[in-house]
There are 2 protein chains.
Amino acid sequence: MILVTIDRKSEDTLHKQIAKQIESMIKNQALKDGDILPSTRALSVHLEVNRTTVCKAYEELWSLGYIESRPGSYSRIRNRPDITSSKNINETGINWDEKLSPSYKRMSEKMASGGIQYPQNCKIDFTTLSSDPAYWPVEEFRKSINRILQSDPETAMSYEDPKGNMEFRKELSKYLGRHQIYISEKNILVTNGSQDAIDLVLKALLHPGDTVVCSEPTYSYLPSLVACNGGTTAPIPLTDSGMNIHALEEILENNNCSLLYTMPSFQNPSGLSISQKNREKLLELCSLYNVPILEDGFLEELKYHGETILPIKSMDSSGIVIYVGTFSKILFPGLRTGWIAASPKLIDRLAEIRRVTRLSGNPLIQMALTDFLKQGKFEYFLKKVHTRYRERINAAMKAARRYLSLDYVRYTKPSGGYTFLVYWDNPPISEKQFLSELLSKGVAVSPGSLYFQDPSRNICVRISLSKTLPDEIEQGIKIISETIRENCI
Amino acid sequence: MILVTIDRKSEDTLHKQIAKQIESMIKNQALKDGDILPSTRALSVHLEVNRTTVCKAYEELWSLGYIESRPGSYSRIRNRPDITSSKNINETGINWDEKLSPSYKRMSEKMASGGIQYPQNCKIDFTTLSSDPAYWPVEEFRKSINRILQSDPETAMSYEDPKGNMEFRKELSKYLGRHQIYISEKNILVTNGSQDAIDLVLKALLHPGDTVVCSEPTYSYLPSLVACNGGTTAPIPLTDSGMNIHALEEILENNNCSLLYTMPSFQNPSGLSISQKNREKLLELCSLYNVPILEDGFLEELKYHGETILPIKSMDSSGIVIYVGTFSKILFPGLRTGWIAASPKLIDRLAEIRRVTRLSGNPLIQMALTDFLKQGKFEYFLKKVHTRYRERINAAMKAARRYLSLDYVRYTKPSGGYTFLVYWDNPPISEKQFLSELLSKGVAVSPGSLYFQDPSRNICVRISLSKTLPDEIEQGIKIISETIRENCI
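An account of the accompanying structure is given in this report.

Definitions and limits used
- Residues numbered from 1 in each chain as written.
- Chains lettered and ligands numbered in written order.
- Predicted model: local features only at pLDDT ≥ 70, side-chain atom pairs only at ≥ 80, totals over all residues.
- Heavy atoms only, no water.
- Helix = DSSP H or I, 4+ residues; strand = E, 2+ residues; numbered from the N terminus.
- Rg over C-alpha atoms; globule rule 2.2 N^0.38 Å.
- Contact = heavy atoms within 4.5 Å.
- Areas by Shrake-Rupley, 256 points an atom, 1.4 Å probe, with all protein chains shown as cover.
- Least-squares fit on C-alpha atoms with pLDDT ≥ 70 in both.
- Core = buried A, V, L, I, M, F, W, Y, C linked by side-chain atoms within 4.5 Å.
- Buried < 20%, exposed > 50% of the residue type's maximum accessible area, 1.4 Å probe, protein only.
- Salt bridge = Lys/Arg side-chain N within 4 Å of Asp/Glu carboxyl O.
- Polar contact = N/O pair within 3.5 Å; in protein donor to acceptor, adjacent residues only side chain to side chain.
- Nonpolar A, V, L, I, M, F, W, Y, C, P; charged D, E, K, R; others polar.
- Pairing = 2+ DSSP bridges.
- Axes fitted to C-alpha atoms, helices over the stretch in contact; angles between N-to-C directions.
- Parallel < 35°, antiparallel > 145°, perpendicular 65-115°, else oblique.
- Expected span 1.5 Å × (residues − 1).
- 1 Å grid on protein atoms, 1.4 Å probe; cavity = no way out; pocket = protein on both sides within 12 Å on 5 of 7 lines; lining within 4 Å.
- Points joined across faces, edges and corners; volume = space filled by probe spheres on them.

In this section: the overall build of chain A. When helices and strands are tallied, chain A shows 17 helices and 14 strands. A compact globule built from 489 residues should have a C-alpha radius of gyration of about 23 Å, whereas chain A, at 31 Å, is more than 25% larger. Principal-axis analysis of the C-alpha atoms gives chain A an extent of 95 × 55 × 50 Å. Partitioning the intrachain contacts of chain A with sequence separation of at least 6 by distance along the chain shows that 73% fall at a separation of at least 24. Summed over its atoms, the accessible surface of chain A is roughly 19400 Å², and 47% of this surface lies on carbon and sulfur atoms.

Put into structure tokens, the structure is as follows:
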């Protein structure tokens, strides 16, 4: 008879004790493939337990694959494949690179230039592009979350309509009125941030091989996101007042364009805003060529220099503009809550895609944001950060006038937001060398190669002020100036 | 001189007052295209305000597109396109159906059969498939959220590593040990729920036109999700013990298969579990044909009938199995937190796709879940719900033996989870008629056409017990039985 013992004081049930001991005998090779187990009757007599206890233990061993025949007849040990042991963590049984899809490969090619390691704890960090945690209204938002979890936890923790929480959509449509976009909740789809929004729109409207027109420079993830969805980007130079209209018309005329992508206010990376005239022209041309406009309003709220150019969407009477927005760059980036404002017909289609690919969003966060907005906390918060970010942009422009007024240096002058570009014409060193020299002096900037698709350019770096104070900004720009001048001697 | 008045007691700044009044004159057609505005000097004298105040007002009007020339020279009113007014909410300028991408169209075709309106407030709701809100540990989870927001709000509200929060990944890898999946955090990628996980895997591995092998019946969203990613599903009949192995081998031999999709434990919709032998055979065949297995463990935790069949992933020593899991069906569905456990090489690639298409997940929810798991709350909660759901499955099986033991009726017998299927062979009415008869008697069930791709079948309905108590279950099954028998007379 096999050596099984019963401990009636153990926390394990009797059948568990039997099963566990037999399992460990199999693992120790005390029981081997083909060995016959005692009958359930014999073992139950031997152990002085009920026969059904032994049956239950054998059943469990059977379902784990350790026993060959079903209980009733004699049971045999069977050769069960081993479960993963810790030594197998880095399995290499499959060549995953061979398995990767064409859409991954296309995406990956477009990402290559963007493979930069952002430094941790750099003295002056000009790379981070998200609102400054120092100003986050965490305590207020925590209260909103608690109010929701205490008043309506069932709605907050359930699946939701694929278009998003209804109250949140109503609040968003009211909220967009401040940018003179007058729509209802029927025009709104909630997304997991604005990148998710762009991905959804591309999934719905991008035809394989078609073109997405964008500016040069453009948002760094756009080319890989478009490639992943089967298309290519057609970049058009961005000037101080907007996209080159002639270049745009030529592309619209000669290409299959699925979309025009634009970030008209405080563009990432340049900080530039497209003029009202240029916005009207974009709208006119796209209407003429029947190409939808994807307007990315990611920094719409950060207007603090008096100029209040309105979104293109505010002029859109035919529904050709698809507007995407987010709270990530103003409030908390980790919220992952953005939205699409578009024609209800398109919103319905986008909701179907969201249902199939994402199932549902997170209603708790949306309900807490609704509470936060309704209590007027957002307005209050916005006023506070406007003052702070204005100080930073002013400090940056002052330092740029002082340190970057060099023949071979140019920079963009934003009227809001918190980024701008510094161009260095005909540099004697490479972008990589420049970046690592700056890093050695404690200054981190983002390389222009992330934002330009044409590689034959001069050096250009993006300065983001979202994590730096006025003093650091001055010091950082001074170091950039010194590094340029040292190399130009 | 135009009629502008200044109210020094108003809350609006002086330049805002001037700009607003001129804007409304333009909107009222009091000022028309080409009209000349007074010079800034003249207006400032007239209004007794500083000239820069008038300049600021004109600047704002220019940036809004109401003025033709820049301030300094005489300014003219220009013909600015109207902003959207509320009457334009349902714009129909674009025929969106023409614009929709092939991937949307493929997806939409596969969704057609699933277009069912779930009833609100049905007396006996057998359709809902998510954990019962009555048992949700909301208060405990609220405490976890508060602990995180009070101890580390900056991490909780920031962008995160595209693989997910590190502590959460460590906790998940420990947690998977309870299913004898022994891996480290390097094998884990966090996702927004398991549907998002499947979408990511398909994006990475599905080649256009290739096949995803699945069972028949299968998860209702799988065919549309696969179609959206450019492939098709190849269904294989599911029996009481698993997939038909001969049919599987034939498909693997004769098709380009990118993946095998399986939900081996308590499958949705059938509640069936694949036997250990069948699991081994799937693993063996897929290794032979070099086809990765996508194992959906969506109800892994709901094992309450003593049978503890382990995930296929636990036997996977070559890394061919990609395991996806979620907390949505056990804890709160609205959390949108799932994971992928796979070979680290593949995890790296999936993280790149997640970065490009989703940017980041929500760290707050992951950190709160980590806290919840670490405090042992999950174990405690699981024990409680096991008892409850076991009662329900037992009540359902008892009622089925009593009411559904008919010649022309069959049903599946799940050993865990909370769903099963009822088949009605050779019915004299259609699925639609059956469903609406049941609805009129207060019973809602899910139609089998959602889960079967072959339309020439008998009637089959899915019963989900996640929102019904034992008494309701008995009553509901009795009504189903009566409805079948009434139609068969």
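Below, the discussion takes up the relation of the copies chain B and chain A. With an RMSD of 0.1 Å, the operation that places chain B on chain A is a rotation of 180° combined with a shift of 0.0 Å along the axis. Taken together, these values place the two copies in the relation of a two-fold axis. A high fraction, 100%, of the interface residues of chain B reappear at the interface in chain A, so the copies pair face to face through one surface.

Now for the nonpolar core. Ranked by size, the top nonpolar core spans 263 residues in total, and within it Ile340 of chain A together with Ile340 of chain B carry the most contacts. Ignoring anything within four residues of it in the chain, the contact list for Ile340 of chain A reads Asn187, Ile188, Leu189, Thr191, Ala197, Leu200, Val201, Ile322, Tyr323, Val324, Ile347 and Leu350 of chain A.

Listed per partner, the contact involves 113 residues of chain B and 113 residues of chain A. The salt bridge involving Asp97 of chain A is made with Arg349 of chain B; its shortest N-O contact spans 3.5 Å. Across the contact surface, chain B and chain A share 35 residue pairs in polar contact (both at pLDDT 80 or more). In terms of residues, the side of chain B that touches chain A owes the most to one element, helix α13 (residues 344-358) of chain B, which gives ten residues. Classifying every residue of the side of chain B that touches chain A gives 49 nonpolar, 36 polar and 28 charged.

This paragraph deals with the pattern of salt bridges. Residue and element names in this part refer to chain A. The full count for this structure, using the stated rule, is 46 salt bridges over all chains. Between Asp371 and Arg147 there is a salt bridge; the shortest N-O distance is 2.9 Å. Remark: Arg147 occurs in helix α6 (residues 138-151) and Asp371 occurs in helix α14 (residues 363-374); sequence separation between them is 224 residues. A residue is classified by how much of its surface remains accessible, and Asp371, at 14% relative accessible area, is buried. Here Arg147 falls in the partly exposed class, since its relative accessible area comes to 34%.

As a further point, take the environment of Lys186 of chain A. Looking at where Lys186 of chain A falls in the secondary structure, it is placed in the loop between α8 (166-176) and β2 (188-191). Spatially, the C-alpha atoms of Lys186 of chain A and Asp348 of chain A are 8.8 Å apart, while their sequence positions differ by 162 residues.

Here the focus is the sheet that holds β2 of chain A. Residue and element names in this part refer to chain A. Strand order in this open sheet of eight strands is β2-β9-β8-β7-β6-β3-β4-β5, and the pairing throughout is mixed. On the outer flanks of this sheet lie β2 and β5 (242-243), each paired with one strand and no other. For strand β4 (residues 232-239) and β5, the ladder comprises two bridges, and the chain directions are antiparallel. When the bridges of β5 are listed, Leu238 appears paired with Met243.

To continue, consider the packing of helix α9 (residues 193-205) of chain A against helix α13 (residues 344-358) of chain A. All names here are of chain A. Packing of α9 against α13 leaves a shortest axis separation of 10 Å and a crossing angle of 105°. Classified by the angle their axes make, α9 and α13 are roughly perpendicular. Along the contact surface, α9 presents Asp196, Asp199, Leu200, Val201, Lys203, Ala204 and Leu205, while α13 presents Leu346, Leu350, Ile353, Arg354, Thr357 and Arg358. Tallied by class, the residues present in the contact of α9 with α13 amount to seven nonpolar, one polar and five charged.

Residue and element names in this part refer to chain B. Burial along strand β2 (residues 188-191) is two-sided: Ile188 and Val190 facing one way and Leu189 and Thr191 facing the other are all buried. Looking at chain direction, β2 and strand β9 (residues 338-341) are connected through four bridges and run antiparallel. Residue pairing across strands places Ile188 opposite Ala341, the latter belonging to β9.

Turning our eyes to something else, we now look at helix α12 (residues 276-289) of chain B. With 14 residues, α12 of chain B should reach 20 Å at 1.5 Å per residue; the first-to-last C-alpha distance of 20 Å fits that figure. Of all the residues in α12 of chain B, the buried ones are Gln276, Asn278, Arg279, Glu280, Leu282, Leu283, Leu285 and Cys286 of chain B. The secondary structure elements touched by the buried residues of α12 of chain B are α3 (51-63) of chain A together with β5 (242-243), α11 (245-254), β6 (257-262), β7 (293-296) and β8 (321-326) of chain B. The positive-phi residue at the C-terminal boundary of α12 of chain B is Asn290 of chain B, with phi of around 60°.

Next up on the list: empty space enclosed by the protein. Counted under the stated rule, the structure contains six cavities of 30 Å³ or more. By volume, the largest cavity is sized at about 220 Å³. Looking at the largest cavity, it is lined by 23 residues, and the ones nearest its centre are Asn192, Arg336 and Asn362 of chain A together with Asn192 and Asn362 of chain B. Counting residues per element, the ones that place at least two in the lining of the largest cavity are β2 and α14 of chain A together with β2 and α14 (363-374) of chain B. For the lining of the largest cavity, the per-class residue count stands at six nonpolar, 14 polar and three charged. Here the second largest cavity is characterised by a volume of approximately 60 Å³. Lining of the second largest cavity is provided by Ser215, Thr218, Leu238, Met243, Tyr261, Thr262, Met263, Gln267, Leu272 and Ile274 of chain B. When the residues that make up the lining of the second largest cavity are grouped by side-chain class, the tally is six nonpolar, four polar and no charged.

Residue and element names in this part refer to chain B. Taken together, four strands build an open sheet; the order of strands is β10-β11-β14-β13 and the sheet is antiparallel. Strands at the two margins of the open sheet, each flanked by one partner only, are β10 (409-411) and β13 (446-447). Note: β13 against strand β14 (residues 459-464), two bridges, orientation antiparallel. Among the inter-strand pairings, Pro447 is bridged to a residue of β14, identified as Val461. Across the sheet, helix α16 (residues 431-440) touches β11 (419-424), β13 and β14, and the angle it forms with β14 is around 40°.

Right, let's talk about the environment of Glu109 of chain A for a bit. Residue and element names in this part refer to chain A. For Glu109, the location among the structural elements is in helix α5 (residues 102-111). By relative accessible area, Glu109 is classed as exposed at 63%. Remark: the alpha-carbon pair of Glu109 and Cys228, spanning 119 residues in sequence, is separated by 9.9 Å.

Coordinates in, geometry out; function isn't part of it.
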